[in-house]
Protein chains: 2
Amino acid sequence: VVVVGGGLVGALNTCFLAKRGFIVDLYEKRSDIRKAEHVKGRSINLALSTRGRTALRMVGLEDTVLENGIRMHARMIHDPDGSRRPILYGKEDQYIMSVDRRRLNEVLLTAAEKNPNVTCHFEHKLVSCDFKTGEAEFINNEGKRIKKTVDLIVGNDGAFSGVRKEMMKATLLDYQQQYIPHGYMELTIPPSPKDEYLMETNYLHIWPRNEFMMIALPNLDKSFTCTLFMPFEIFNSIKTEEDLMNFFRDKFPDSIPLMGEETLKQIFMSSKALPMVSIKCSPYHVEDKGLIMGDAAHAMVPFYGQGMNAGFEDCIALDEMLDLYKNDFSKALPAYSETRTVDAHAICDLAMYNYVEMRKSVNSKLFLMRKKLDNLLFTIFPNSWIPLYTMVAFTRTRYHLCIARRKHQDEILTKVLSGGMMVLLGVCALSGLRICNQRGITFQTLTDKAMELWESFPPVNR
Amino acid sequence: VVVVGGGLVGALNTCFLAKRGFIVDLYEKRSDIRKAEHVKGRSINLALSTRGRTALRMVGLEDTVLENGIRMHARMIHDPDGSRRPILYGKEDQYIMSVDRRRLNEVLLTAAEKNPNVTCHFEHKLVSCDFKTGEAEFINNEGKRIKKTVDLIVGNDGAFSGVRKEMMKATLLDYQQQYIPHGYMELTIPPSPKDEYLMETNYLHIWPRNEFMMIALPNLDKSFTCTLFMPFEIFNSIKTEEDLMNFFRDKFPDSIPLMGEETLKQIFMSSKALPMVSIKCSPYHVEDKGLIMGDAAHAMVPFYGQGMNAGFEDCIALDEMLDLYKNDFSKALPAYSETRTVDAHAICDLAMYNYVEMRKSVNSKLFLMRKKLDNLLFTIFPNSWIPLYTMVAFTRTRYHLCIARRKHQDEILTKVLSGGMMVLLGVCALSGLRICNQRGITFQTLTDKAMELWESFPPVNR
């Protein structure tokens, strides 16, 4: 098998495939991340939840990764007046983990290479694939072209996947990419002079401000990595250091002393806001020779914290299909495609939905009431009433079933509420009639009055 | 200006741009269609309606094209039992035109080349564009690379547009492509031995069969070109000549003697069903240097007969924006993008909607009743009640307004119908009460009976 891409999903998938006994050649266009000084682009830390953890457990890496992560039990909301309030993610013992992308990637690559079935080739860029013959061609950093013919070419090569581009030439692929008007920029809150965390550690900090938002995740070195999400036009409207400080003083005043005014200025003015894209496609396979997974198949906006988790769960899904069809790619690949597309489309939709929800709703009282009601019902009916976030982050319920189940729960809630409303109306009507009765107004009088009123309208307005 | 693509829209657009005074270089990757013996792929004839005609009129070509077209006043429905019935497209004097794709392309290229501002380069394939500098690179059939730097690069290069691919590298382009499960195959009904049309000439013939459909458009040489639309899986299930004849005898019996059994077998067995794709994207421009139009910007499924018409109307839309902004590309291109995307998305949606409608509904009585009611209301209120098809095919009402207006009309219809229903119910209730009254049953008795009935239900069913 050829795996194209040595990022998080590519490296993990290599572990899974090698463990099944396949001979795997992994090709990565960048140099070995374990030897690099700086790594450009992409977020620095990520939120690992149940789906991702389960996949890591299956290749024996969960504990190693958890040791290098930081638990986050709740969101910590930073209000514009500087006050803070936590909102639990689920029950007290449920948490997501802040993990370092680079460290995780290194752990996965090292684990993959430990298996004698695996060979990693860095600085090899995909040139083309032929899904009839299974031949993939790469060009290395010396300009040399390398061809490799295999039984399966797997594209784990991210949102701008080269394998996907080759698939689009070879098969009728439905494809959709959508950029959102927001960009993101990473800022930092350094450790205190005493080398301590400057904010509560075990939280995902959020500054929700409707049109924009900032979040911060803790790092092992006692710093926080902040990500600022804003429409590109607002990023572009901040042209000078003065603009920047005015903006921060107005919107995120409590973050300025934490970041340090000079550091904030230096990072912001020298950085560029990056775009976010949502990608859906179908199918994920070509013949019995090509497959795309992870961001190559379903890039999503980052607002549900499920991008990596969904990609890791892809590896489990493929593993299960290979079990079911005894490593027969001609059956396993179509089956994977068919089952996984619905789930990937569902989590892409949820992430896009949260793009609006997260900025606006964590600020609204209705949202908080709903969260509380949701959690209350969860406590009363722990097996039948599960909040959507809990299903997505803390279970492996298929994503599309999370949405279906949520809809069902919402319908029940609507029915209960509208039932309550009917009872209320009934009580009002009865009270009204009773008052009429006490005052000697009969039902007959009421209907006569109504008829009189009706007759009094000019005919055209009836 | 560089125009990439010398198909229908590219050639017409060149006429428009040259007429405005721009020096235009048109690059087409295929050889000159006027010198080719056979032209592969794409449909043979097309339905030209008002939008396309208006654009042709603006460059002085309407009459030439109409002389070479055949009027179609109505659909001619072929029922499975062989009976035929016409359904008018609009009023008696409204018609669409069947035109020959190749001949139209030839007329447009010749007209373009007549303008001294225009140079056509055939067998030149696009290699790359730079939308910062305005440089476009081509490779000709001898392998020579040609560079051209201009003020504007226009992609009129079809659904698989090379210019669009270059734009996707240069800007954040939202993009969607969707293949439908149906493929199409062209068949033919030749002229009679006496060189006459074998079916009524001035109609678009339709054999609606729910899951699949055949249509036929008349050609000037007295033949008809038929297009068979079916799910690929049905195409693939027809493996032998026997399968084919069984299928045609069952579904399109009246077409067999017209096509001729041997010709049908020969064409079908040697042809391959082709896919259909719907493409939407946004925006249509990059900076002040790049623009895509026609199928490159909005390929659609062919079921509204508007693909070419929409592409031709694009040329008018650009011309209007260039008028408005005095040829300033930095203003005209964003304005074109913004206004034209909503209309192009609307017609793509309508075409997809008709993909279902055309196969199913022309067969249903409800559809026919609605068409009749629609046309009746159109006759009574010719200025305010315009059927959707009429707006799309016989006016230049912006596509998105056609949909909006249709929705508004549907709402009125619903209100009128539900109003009528209320009156009907009221009349029934009054008649009922009158009968009760005549039989000596009082209102009090009726309500008592109702209460009795209510009480008789077991509590759980209430």
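Everything numeric here is computed off the predicted structure, so don't read it as measured data.

Chemist: It is not clear to me how helix α4 (residues 101–114) of chain A should be interpreted in this structure. Could you clarify?
Modeler: Note that an α-helix has 3.6 residues per turn; residues three or four places apart therefore point the same way. Over its 14 residues, α4 of chain A runs 20 Å from end to end, which matches the ideal 20 Å to within 8%, given 1.5 Å per residue. Looking at where α4 of chain A begins, the residue whose side-chain oxygen comes 3.2 Å from the main-chain nitrogen of R102 of chain A is D100 of chain A.

Chemist: Got a minute to help me understand the pairing of strand β3 (residues 45–48) of chain B in this structure?
Modeler: Two faces make up the sheet, and in a regular strand the side chains alternate between them. All names here are of chain B. Residues N45 and A47 point to one face of β3 and L46 and L48 to the other, with burial holding for every one of them. The pairing of β3 with strand β7 (residues 96–100) spans four bridges and is classified as antiparallel. Bridge pairing in β7 places L46 opposite V99.

Chemist: What is the right way to read the interface of chain B and chain A from this model?
Modeler: By a widely used convention, the size of an interface equals the accessible area lost when the partners come together. Between chain B and chain A, the contact holds 11 residues from the first and 11 residues from the second. Between chain B and chain A, a total of about 1,000 Å² is buried, with carbon and sulfur atoms accounting for 55% of that surface. Counting the surface chain B buries against chain A, the share from its top three residues, L172, Q177 and Y179 of chain B, is 48%. Counting the contacts that link chain B with chain A gives zero salt bridges. Remark: the boundary between chain B and chain A carries six residue pairs in polar contact (both at pLDDT 80 or more).

Chemist: Could you clarify how one ought to interpret the packing of aromatic side chains in this entry?
Modeler: The geometry of an aromatic ring pair is captured by the separation of the ring centres together with the interplanar angle, meaning the angle of the planes. Tallying each qualifying case throughout the model produces 33 aromatic pairs over all chains. Both rings, one in F247 of chain A and one in F252 of chain A, keep their centres 6.0 Å apart while their planes meet at 70°; by these two values the pair is edge-to-face. Here F252 of chain A falls in the buried class, since its relative accessible area comes to 0%. A centroid spacing of 5.7 Å and a plane angle of 15° characterise the contact between Y304 of chain B and Y389 of chain B, whose relative ring orientation is stacked. Of this pair, Y304 of chain B sits in the loop between α10 (295–298) and α11 (307–324) while Y389 of chain B is found in helix α14 (residues 388–394), placing the two residues 85 residues apart along the sequence. Given a relative accessible area of 13%, Y389 of chain B falls into the buried group. Members of the aromatic cluster, joined through ring pairs, are Y89, Y304, Y389 and F394 of chain A. Positioned over the ring face of Y399 of chain A is R51 of chain A, at 4.0 Å from the centre of the ring.

Chemist: For this particular structure, what's the right way to read the layout of surface pockets?
Modeler: Empty space among the atoms becomes visible once a probe the size of a water molecule is rolled across them. One number sums up the size of the second largest pocket: a volume of about 570 Å³. In this structure, the second largest pocket is lined by 21 residues; those nearest its centre are T171, L172, P283 and H285 of chain A together with F232 of chain B. For the lining of the second largest pocket, the secondary structure elements donating two or more residues are β18 (285–286) and α12 (329–360) of chain A together with β13 (174–189) and α6 (232–237) of chain B. When residues in the lining of the second largest pocket are grouped by element, the largest group, four residues, is from α12 of chain A. Considering only residue class, the lining of the second largest pocket consists of 10 nonpolar, six polar and five charged.

Chemist: Quick question: what am I supposed to make of the domain arrangement of chain A here?
Modeler: Its domain assignment divides chain A into domain 1 (2–350) and domain 2 (414–461). Placing the centre of domain 1 of chain A and that of domain 2 of chain A at their C-alpha centroids yields a distance of 60 Å.

Chemist: Mind showing me how you'd approach the sheet that holds β7 of chain B here?
Modeler: By definition, the strands of a sheet pair up through backbone hydrogen bonds, in either a parallel or an antiparallel sense. All names here are of chain B. Strand order across the open sheet formed by three strands is β3-β7-β4, with antiparallel pairing between neighbours. Because the sheet does not close on itself, it has two edges, and the strands there are β3 and β4 (70–72). Strand-to-strand twist in this sheet, taken as the mean axis angle between neighbours without regard to direction, amounts to 35°.

Chemist: Please explain the nonpolar core as it appears in this structure.
Modeler: Judged by nonpolar contacts, the single largest core of 150 residues is most densely connected at F312 of chain A together with F312 of chain B. With residues up to four places along the chain from it excluded, the contact list for F312 of chain A reads L8, V9, L12, G52, A55, L56, L104 and L108 of chain A.

Chemist: Help me out: how do you make sense of the sheet that holds strand β9 (residues 124–130) of chain B in this one?
Modeler: All names here are of chain B. If you trace the three strands from one edge of the open sheet to the other, you get β9-β10-β11, paired in antiparallel fashion. Among the strands making up the open sheet, the edge pair consists of β9 and β11 (145–149). Ignoring strand direction, the axes of neighbouring strands in this sheet form an average angle of 25°. Taken together, the six bridges between β9 and strand β10 (residues 135–140) define a ladder with antiparallel strand orientation. The partner of S128 across the bridge, within β10, is E137.

Chemist: What should I look at first to understand the side chain of H182 of chain A in this one?
Modeler: Tracing the backbone shows H182 of chain A in strand β13 (residues 174–189). A distance of 2.6 Å separates the side chain of H182 of chain A from the side chain of Y355 of chain A, its partner in a polar contact.

Cut-offs applied
- Residues numbered from 1 in each chain as written.
- Chains lettered and ligands numbered in written order.
- Predicted model: local features only at pLDDT ≥ 70, side-chain atom pairs only at ≥ 80, totals over all residues.
- Heavy atoms only, no water.
- Helix = DSSP H or I, 4+ residues; strand = E, 2+ residues; numbered from the N terminus.
- Expected span 1.5 Å × (residues − 1).
- Polar contact = N/O pair within 3.5 Å; in protein donor to acceptor, adjacent residues only side chain to side chain.
- Buried < 20%, exposed > 50% of the residue type's maximum accessible area, 1.4 Å probe, protein only.
- Pairing = 2+ DSSP bridges.
- Contact = heavy atoms within 4.5 Å.
- Buried area = accessible area lost by both parts, 1.4 Å probe.
- Salt bridge = Lys/Arg side-chain N within 4 Å of Asp/Glu carboxyl O.
- Phe/Tyr/Trp six-rings, centres within 6.5 Å; stacked < 30°, edge-to-face > 60°.
- Lys NZ or Arg CZ within 6 Å of the ring centre and 35° of its normal.
- 1 Å grid on protein atoms, 1.4 Å probe; cavity = no way out; pocket = protein on both sides within 12 Å on 5 of 7 lines; lining within 4 Å.
- Points joined across faces, edges and corners; volume = space filled by probe spheres on them.
- Nonpolar A, V, L, I, M, F, W, Y, C, P; charged D, E, K, R; others polar.
- Domains from an automatic or database assignment.
- Axes fitted to C-alpha atoms, helices over the stretch in contact; angles between N-to-C directions.
- Core = buried A, V, L, I, M, F, W, Y, C linked by side-chain atoms within 4.5 Å.

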